[in-house]
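Geometric and topological summary
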Amino acid sequence: MKKINKTNAARLLDAAGVDYELIPYEVDESDLGAQHIADQLGENIEQVFKTLILQGDKTGHLVCVIPGAEEVDLKKAARVSGNKKVDLIPMKELLPTTGYIRGGCSPVGMKKPFPTFIDETCILYDYIYVSAGVRGLQFKINPQALVDFVGAEAVDLIAEKTE
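Being a predicted model, the structure only gives us computed values, none of them experimental. (Residues numbered from 1 in each chain as written. Predicted model: local features only at pLDDT ≥ 70, side-chain atom pairs only at ≥ 80, totals over all residues. Heavy atoms only, no water.)

Assigned secondary structure in the chain consists of five helices and eight strands. Reading the helices (α) and strands (β) of the chain from amino to carboxyl end gives α-β-α-β-β-α-β-α-β-β-β-α-β. On C-alpha atoms alone, the chain measures out to a radius of gyration of 15 Å, which is about the 15 Å that the 2.2 N^0.38 rule sets for 163 residues. Structurally, the chain occupies a C-alpha span of about 50 × 40 × 30 Å along its principal axes. The contacts in the chain between residues at least 6 apart in sequence include a share of 61% that link residues at least 24 apart. (Helix = DSSP H or I, 4+ residues; strand = E, 2+ residues; numbered from the N terminus. Rg over C-alpha atoms; globule rule 2.2 N^0.38 Å. Contact = heavy atoms within 4.5 Å.)

Below you can see the structure in the form of structure tokens.
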């Protein structure tokens, strides 16, 4: 069993006394999607959450954490964050804004705290997975503990599926 190096995000949770597990998975550079991670972990895609960074027209940056197979509803995200309009930030802005790269963006331990919204479906589970701050490593964490730690609001963020 190879040693798992703790990420800065993990050290922050440790310092706060938040329970979590670090779960490694095989990275596929050609597929950084949540379904790949869910398959690797043998878990339900509804419990593997992805972290998206958006820019609001009034409030600046915000974080949305949603189930991996879903799309964020930009109108809902704008409404809950006090914006008229929000958009995903360009990929080139991710690292300078958050300190994280695509496929390794954690809602824990960004360069500075941003308003954070986690899809309300997270509370349906005893645990969910979110990035631990690097590709190849996930936090298995109680969703309420995550919500409390990052000061998030659990809200409806998912776009309705159109047939």
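Further remarks concern the environment of Val72. Looking at where Val72 falls in the secondary structure, it is placed in the loop between strand S3 (60–67) and helix H3 (74–81). With relative accessibility at 12%, the residue Val72 sits in the buried group. Considered as a pair, Val72 and Gly82 are ten residues apart in the sequence and their alpha carbons are 16 Å apart. For Val72, the contacting residues outside a window of four places in its chain are Leu52, Cys64, Ile66, Ala77, Leu157 and Ala159. (Buried < 20%, exposed > 50% of the residue type's maximum accessible area, 1.4 Å probe, protein only.)

Here the focus is helix H1 (residues 8–16). For an α-helix, 3.6 residues make a turn, and residues three or four places apart therefore share a direction. Along H1, the residues classified as buried are Ala9, Ala10 and Leu13. Buried residues of H1 fall within an arc of 100 degrees about the axis and therefore sit on the same side. In H1, those exposed residues whose orientation departs by more than 90 degrees from the buried face are Asn8 and Ala15. On its buried face, H1 is in contact with strand S1 (20–24), strand S7 (137–141) and helix H5 (143–150). Positioned one or two residues after H1, Gly17 has a phi angle of 75 degrees, which is positive. (Arc of directions from axis to C-beta.)

We now examine the sheet that holds strand S5 (residues 116–119). Across the sheet, five strands lie side by side as S4-S2-S3-S5-S8; this open sheet has mixed pairing. A strand with exactly one partner marks an edge of an open sheet, and here the two such strands are strand S4 (86–88) and strand S8 (153–155). For this sheet the average axis-to-axis angle between neighbouring strands, irrespective of direction, equals 35 degrees. Pairing of S3 with S5, which is carried by three bridges, proceeds in the parallel orientation. (Pairing = 2+ DSSP bridges. Axes fitted to C-alpha atoms, helices over the stretch in contact; angles between N-to-C directions.)

Moving on to the pattern of salt bridges. Under the defined criterion, the tally for this structure stands at six salt bridges. What you see here is one network of salt bridges that share partners, running through Lys76, Asp156 and Glu160. (Salt bridge = Lys/Arg side-chain N within 4 Å of Asp/Glu carboxyl O.)

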